[in-house]
Amino acid sequence: MIVTRPLLDQFARRITYLRLSVTDRCDLRCAYCMPERMTFLPKADVLSLEELHRMALGFIDRGITKIRLTGGEPLVRRDMIQLVRALGRKLGDGLDELTLTTNGTQLPQHAEALFEAGVRRINVSLDTLDRASFKRLARRDMLPQVLEGIDAALAAGLKVKLNTVALKGINEGEIPALMEFAHGKGMDLTLIEVMPLGEVEEDRVDHYLPLSAVRDELDRHFTLTPSDHRTGGPARYFDVAETGGRLGLITPLTGNFCEGCNRIRVTATGQLYPCLGGGEMVDLRAALRSDDPDAAVSDALDTAMRIKPERHHFEIDQRGAAPALARHMSMTGG
Ligand code: SAM
Ligand code: SF4
């Protein structure tokens with residue numbers, strides 16, 4: 001497929017990666033992500049399957065080659081597999097990769113259908129292997145379903161990467177065990193610093209764990225060698241000699257990675273955010289509901305390229321301070 005008008009922002013970054021949130025709803029309530037009584041977007045405002053599909057096709061025409069479906073929990077959306085099948089048909093015809101980020105609870109039912117639709121790799125979020133700790137952190141007793149989901153995904157032939165948010169006083173002591181668990185099943189593990197997105201009950205500063213500290217601790221027990229493995233994302237990878245696996249570190253707070261950014265994000269209601277850490281936004285829902293949706297989506301992408309900021313400005317050092325952004329990660333997707 002020839003892309004006549006590729007997406008280039010004003011800092012000469014080529015944008016090829018869309019993270020598309022298909023719902024802001026979720027069957028878990030991870031304490032760092034959302035409050036127990038989360039206010040979800042009105043269902044009527046959420047884009048329909050047809051709108052999501054049409055929009056994604058417009059993005060592929062402009063040079064988006066990778067789409068990650070996320071949320072909220074993407075697999076709780078009822079027509080999700082239909083969307084995956086529809087987008088899967090573009091694989092090899094403009095789209096190089098279709099993937100998703102999930103909490104894993106619904107994978108036992110959906111793993112095979114995902115593979116059949118063309119998905120080959122997924123990210124599963126898992127912050128602890130301890131059932132009581134999972135129940136406290138995710139506020140739902142669903143660790144067994146997640147573990148079953150991971151096994152179902154592997155059995156279906158999907159390559160799985162685990163993502164873990166490193167949290168002081170919650171899972172910091174468990175990181176070696178999570179790494180050994182992941183590597184034992186042939187999965188990479190990526191650790192992420194908690195980011196100040198949206199109000200939650202607790203102060204995130206209390207649980208903020210810089211990955212520089214995690215790295216120092218891991219270095220005492222494991223041999224980590226910097227790896228040249230890249231996924232086009234912000235993670236830096238290390239090979240771990242003792243486990244034979246790979247560990248990724250994503251450090252939005254202790255190490256800025258915006259220079260190589262290749263992505264944009266769309267919420268389930270069609271708000272296009274060119275940066276996870278910025279307030280800049282273009283309304284795609286209005287574009288999709290206009291008289292000439294295809295032209296309007298393309299124009300919206302041009303606007304997004306003009307307003308994509310050079311970098312984010314997250315900080316998490318002030319106790320009691322308001323989050324950097326009012327919107328939750330469940331809106332823009334992880
Ligand atoms: N529900 C799916 C899941 O948990 O994988 C997809 C959406 S979730 C918002 C995507 C990722 O964002 C998860 O790995 C989650 O741990 C992470 N996340 C959520 N809130 C975060 C925050 N405030 N800081 C850092 N990571 C966060
Ligand atoms: Fe749900 Fe994912 Fe947020 Fe946890 S991190 S509450 S699973 S959206």
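Rules and cut-offs
Residues numbered from 1 in each chain as written. Chains lettered and ligands numbered in written order. Predicted model: local features only at pLDDT ≥ 70, side-chain atom pairs only at ≥ 80, totals over all residues. Heavy atoms only, no water. Near = heavy atom within 4 Å. Nonpolar A, V, L, I, M, F, W, Y, C, P; charged D, E, K, R; others polar. Pairing = 2+ DSSP bridges. Helix = DSSP H or I, 4+ residues; strand = E, 2+ residues; numbered from the N terminus. 1 Å grid on protein atoms, 1.4 Å probe; cavity = no way out; pocket = protein on both sides within 12 Å on 5 of 7 lines; lining within 4 Å. Points joined across faces, edges and corners; volume = space filled by probe spheres on them. Core = buried A, V, L, I, M, F, W, Y, C linked by side-chain atoms within 4.5 Å. Buried < 20%, exposed > 50% of the residue type's maximum accessible area, 1.4 Å probe, protein only. Contact = heavy atoms within 4.5 Å. Expected span 1.5 Å × (residues − 1). Right-handed = clockwise from strand over helix to strand, strands pointing away. Polar contact = N/O pair within 3.5 Å; in protein donor to acceptor, adjacent residues only side chain to side chain. Areas by Shrake-Rupley, 256 points an atom, 1.4 Å probe, with all protein chains shown as cover. Axes fitted to C-alpha atoms, helices over the stretch in contact; angles between N-to-C directions. Parallel < 35°, antiparallel > 145°, perpendicular 65-115°, else oblique. Left-handed = near helix turned anticlockwise from the far one by under 90°. Disulfide = S-S within 2.5 Å. Salt bridge = Lys/Arg side-chain N within 4 Å of Asp/Glu carboxyl O.

Here we come to the site of ligand 2. Lining the immediate environment of ligand 2, one finds Cys 26, Leu 28, Arg 29, Cys 30, Cys 33, Met 34, Gly 72 and Asn 103. Considered class by class, the residues forming the shell around ligand 2 number 5 nonpolar, 2 polar and 1 charged.

Before going further, it helps to spend a moment on the sheet that holds strand E6 (residues 188-193). Adjacent strands of a sheet pair through backbone hydrogen bonds, lying either parallel or antiparallel. Judged by pairing direction, the sheet is mixed, and its 12 strands sit side by side in the order E7-E8-E9-E6-E5-E4-E3-E2-E1-E10-E11-E12 without closing on themselves. Edge positions in the sheet fall to strand E7 (224-226) and strand E12 (282-283), since each of these pairs with one other strand and no more. Bridge count between strand E1 (residues 17-23) and strand E10 (residues 263-266): 4 bridges; the pairing is parallel. By the bridge assignment, Tyr 17 is partnered in E10 with Arg 263.

The rolling of a water-molecule-sized probe over the atoms marks out the regions of remaining empty space. Under the definition given, this model contains 1 cavity of 30 Å³ or more. As a volume, the largest cavity reaches approximately 80 Å³. Together, Ala 31, Tyr 32, Leu 137, Leu 167, Ile 170, Val 194, Val 200, Glu 202, Asp 203, Arg 204 and His 207 line the largest cavity. For the lining of the largest cavity, the per-class residue count stands at 7 nonpolar, 1 polar and 3 charged.

A separate point is the nonpolar core. Judged by nonpolar contacts, the single largest core of 94 residues is most densely connected at Phe 59, Ile 67, Leu 69 and Leu 162. When residues no more than four places from it in sequence are discounted, the contact partners of Leu 162 are Val 124, Leu 126, Ile 150, Phe 181, Ala 182, Met 187, Asp 188, Leu 189 and Thr 190.

A few words now on helix H1 (residues 49-61). Compared with the 18 Å implied by 1.5 Å per residue over 13 residues, the 18 Å span of H1 between its first and last C-alpha is a close match. All buried positions along H1 are accounted for by Leu 49, Glu 51, Leu 52, Met 55, Ala 56, Gly 58, Phe 59 and Ile 60. Positive phi appears at Gly 63, one or two residues downstream of H1, with a value of about 105°.

Our focus in this paragraph is the pairing of strand E4 (residues 121-125). One ladder, built from 3 bridges, connects strand E3 (residues 97-102) with E4; its direction is parallel. Bridge pairing in E4 links Leu 100 to Ile 122. In the classification by handedness, the crossover that spans E3, the intervening helix H3 (residues 107-116) and the parallel E4 is right-handed. Pairing geometry for E4 and strand E5 (residues 159-166), over 5 bridges, is parallel. Bridge pairing in E5 links Ile 122 to Val 160.

A few words on helix H5 (residues 143-156). Taking 1.5 Å as the rise per residue, H5 with 14 residues should run 20 Å; its terminal C-alpha atoms sit 20 Å apart, in good agreement. Considering only its buried residues, H5 is in contact with H3, E4, helix H4 (131-138), E5 and helix H6 (175-184).

With that settled, consider the site of ligand 1. Within the structure, ligand 1 sits among 17 residues, and Tyr 32, Gly 72, Thr 102, Ser 125 and Met 195 are positioned closest to it. One of the backbone nitrogen or oxygen atoms of Gly 72 is found 3.0 Å away from a nitrogen atom of ligand 1. Within the contact set of ligand 1, a nitrogen atom lies 3.2 Å away from a side-chain nitrogen or oxygen of Glu 73. Across the complex, the protein chains shield 95% of the 540 Å² of accessible surface that ligand 1 would expose by itself. Within the residue set of the shell around ligand 1, elements represented by two or more residues are strand E2 (66-71) and E3. Classifying every residue of the shell around ligand 1 by side-chain character gives 6 nonpolar, 8 polar and 3 charged.

Now for the packing of H3 against H5. Following both chains from N to C, one finds H3 and H5 inclined at 20°, their axes separated by 8 Å at the closest point. In terms of axis orientation, H3 runs roughly parallel to H5. When the axes of H3 and H5 are compared, the crossing they make is right-handed. From H3, Leu 107, Pro 108, Ala 111, Glu 112 and Phe 115 reach across to H5, where they touch Gln 145, Glu 148, Gly 149, Ala 152, Ala 153 and Ala 156.

Two cysteines joined by a covalent bond between their sulfur atoms form a disulfide. Summed over the entire model, instances satisfying the criterion amount to 0 disulfides. We note that Cys 275 lacks a disulfide partner, and the nearest cysteine sulfur, in Cys 258, lies 6.0 Å from it. The class for Cys 275 is buried, based on a relative accessible area of 10%.

It is worth spelling out the pattern of salt bridges at this point. Per the stated rule, a full pass over the model turns up 16 salt bridges. Among the salt bridges present, the one from Arg 13 reaches Asp 9, with a minimum N-O distance of 2.7 Å. With respect to burial, Arg 13 and Asp 9 carry one shared label: buried. Across the salt bridge formed by Asp 141 and Arg 131, the nearest N and O atoms sit 2.9 Å from each other. With Asp 141 in the loop between H4 and H5 and Arg 131 in helix H4, the pair connects residues that are 10 residues apart, well separated along the chain. Taking the relative accessible area as the measure of exposure, Asp 141 reaches 33% and is therefore partly exposed. Linked through salt bridges whose partners overlap, the residues forming this network are Arg 5, Arg 62 and Asp 302.

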